[in-house]
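# Remarks on the overall topology
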Amino acid sequence: MTGPQLHERWPELADSLPHLALGRAPTPVRLLEGLGGRSPVWVKDESGYGDGGWGGNKVRKLEWLLPEARRRRAHTILTVGGLGTNWGLAVALYARAEGLDVALGLIDHPIDEHTREQLRRLRASGARLHFLHTKARLVLAAPWLIARHTHGGRLPYYLPAGGSSPLGALGSVETALELASQVSRGLLPEPGWIVTPVGSGGTAAGLALGLRLAGLRTRVLGAVVNDTLRLDSAALTALAAKSLALLRARGARLPQVGLGADDIVAERGWLGPGYAHPTAQGRAALQRAAGQAGLRLEQTYTAKAFAALLDLDASGRLGGEPVLFLNTFGPR
C-alpha cells in the first residue's frame, strides 16, 4: 500500500504532517443500480476502511490526529459525543492500540438497539466514560474533565466532536484526492455532487477542500443530522479554509484554491426532531438502500443523508448528473 495522497502530491508534507495508516485504500466505488431515479447514483463505500474493531470515515481522521497526539506526548485523548457515538468508539479502539488512554464525555439522545450495542462496545473498550447527559453539563464539566485526565503535567489531547478540527478534516481531503484518482482512472464519471451526512462538519469541509485541490468541479451536498452545532455552509467553508491554512503552514506549496459557500450546500430538511431521532424518511431510505442497492445504512447519519439524495434527485434538484453517495458507516 502506498502512502497517503497528500504526501504523494505534496512530498514536502511527509515530515511536517505525519500520517499513521489505519486502513487499506482506496475504498471501492460502484454504481447503485435499481434505484430508478433521474441521476445515476454511485457510492464510495468507506464502511470497510479501518483495520481495527470499527471502520468508516472516522478512522481517516484518526490517521492524522493520532500522530499529533504522539507529537504532543499526551497520555490521554479526551473527546465527546452522544451515547451511541461511532466517533468515540473509533477513538477508544484505535488510540488504545497506540498506547493512549481515552476518556469520553457523553450526552444523552434517543436510545435504539444500535445505541445499546455501541454502549456495550464502549464499556468493553477500556475507555473512561463520563455520562454528562446534556451539552450544557458537558461544557460546565470541561475544566474538571481536563484536570481529571492530566497526567504527569501533560494535558489530555482534546478532540472536538467527530474529530472535526482542521487537522481531522484532512482525513476527508484524503478521501477526495483518492476519489479524483479513481475518476482519472475511469472507475466512475466525475460526479456533479457528492452527498454526505453532516454530524460535526469535518467530512463535508475536508471533501470540499480536497475536491478543489484535485481540480474537480464536484460540489458537496451535506445533509445536516445534528441540531447541536452550527453546521451551515458558511461554517463548513470556514473549517475547510482552516484546513487549507494548516496545509500551507506545514509547508505545502498548494495551488490557489477558491472556496466559496456554493462549494458546500447544507440541507437541514431531513434532520427530523433532532440528532439521533429516527425519521420516516430515513427508515424508508434505509430499506430502499438495502433492498434495491445492497447498501447497509443506519438511522442517525447515513439513512437521513440517503433520504435527502433520493428526494432531491426525484425533485430534479441534482440536475440528472452522476451523484456520489459517501457511505461513512463502518460497523464490525
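Check the entry above for the structure.
Predicted model, so just to flag it, every value in this text is computed and none were measured.

## A short note on the overall build of the protein
- Within the protein, the secondary structure is distributed over eleven helices and twelve strands.
- Relative to the 2.2 N^0.38 estimate, which gives 20 Å for 332 residues, the radius of gyration of the protein is 19 Å and therefore close to what a compact globule would have.
- If one aligns the C-alpha atoms of the protein with their principal axes, the spans along those axes are about 60 × 45 × 35 Å.
- Counting over 332 residues, the protein shows a buried share of 58%.
- Pairs at least 24 residues apart make up 78% of the contacts formed inside the protein by residues separated by at least 6 positions.

## Topic: the sheet that holds strand β9 (residues 219–224)
- Read from one edge of the open sheet, six strands run β1-β2-β11-β8-β9-β10, paired in mixed fashion. Edge positions in the sheet fall to β1 (29–31) and β10 (264–267), since each of these pairs with one other strand and no more. Strand-to-strand twist in this sheet, taken as the mean axis angle between neighbours without regard to direction, amounts to 25°.
- Both β1 and strand β2 (residues 41–45) contribute to a ladder of three bridges, which runs antiparallel. Bridging from a neighbouring strand, Leu31 pairs with Trp42 of β2.

## Focus: the sheet that holds strand β7 (residues 157–159)
- Sheet architecture is open: four strands sit in the order β6-β5-β4-β7, paired in parallel fashion. The open sheet has two edge strands, β6 (128–133) and β7, and neither has a second partner. Put simply, the sheet's adjacent strands are angled 20° from each other on average, direction ignored.
- As judged from the five bridges shared by strand β5 (residues 101–107) and β6, these two strands associate in the parallel manner. In the strand pairing of β6, Ile107 is matched with His133.
- Together, β4 (76–82), β5 and β7 form the strand contacts of helix α4 (residues 86–97), whose direction differs from that of β5 by roughly 170°.

## Here's the deal with unusual backbone geometry
- Between Ala25 and Pro26 the backbone carries a cis peptide bond, its omega angle lying at 0°.
- By secondary structure assignment, the location of Pro26 is in the loop between α2 (13–16) and β1.
- Residue Arg73 is not a glycine yet carries a positive backbone phi of 55°.
- If you trace the backbone, Arg73 turns up in the loop between α3 (57–71) and β4.
- A relative accessible area of 53% places Arg73 in the exposed class.

## Some thoughts on the side chain of Gln182
- Mapped onto the elements, Gln182 comes out in helix α7 (residues 170–184).
- According to the relative accessible area criterion, Gln182 is buried, its value standing at 2%.
- When sequence neighbours within four positions are dropped, the list of residues in contact with Gln182 reads Pro26, Thr27, Val29, Lys44, Leu187 and Leu188.

## Some points on the environment of Asp311
- With respect to the helices and strands, the residue Asp311 is situated in helix α11 (residues 302–314).
- Overall, the relative accessible area of 34% leaves Asp311 in the partly exposed class.
- Expressed as a C-alpha distance, the spacing of Asp311 and Gly36, which sit 275 residues apart in the sequence, is 12 Å.
- Once residues lying within four places of it in the same chain are set aside, the contact partners of Asp311 are Trp270 and Gln281.

## Quick notes on helix α6 (residues 135–148)
- The terminal C-alpha atoms of α6 lie 19 Å apart, and with 14 residues this matches the ideal 20 Å at 1.5 Å per residue to within 8%.
- Of all the bends in α6, the largest measures some 50° and sits at Ala141, one to four residues before the proline Pro143.
- Those residues of α6 not exposed but buried are Leu138, Ala141 and Leu145.
- Of the surrounding secondary structure, the elements contacted by the buried residues of α6 are β4, β5 and β6.

Rules behind the numbers
Residues numbered from 1 in each chain as written. Predicted model: local features only at pLDDT ≥ 70, side-chain atom pairs only at ≥ 80, totals over all residues. Heavy atoms only, no water. Helix = DSSP H or I, 4+ residues; strand = E, 2+ residues; numbered from the N terminus. Rg over C-alpha atoms; globule rule 2.2 N^0.38 Å. Buried < 20%, exposed > 50% of the residue type's maximum accessible area, 1.4 Å probe, protein only. Contact = heavy atoms within 4.5 Å. Pairing = 2+ DSSP bridges. Axes fitted to C-alpha atoms, helices over the stretch in contact; angles between N-to-C directions. Expected span 1.5 Å × (residues − 1). Bend = angle between axes of the 7 residues up to and from the residue.

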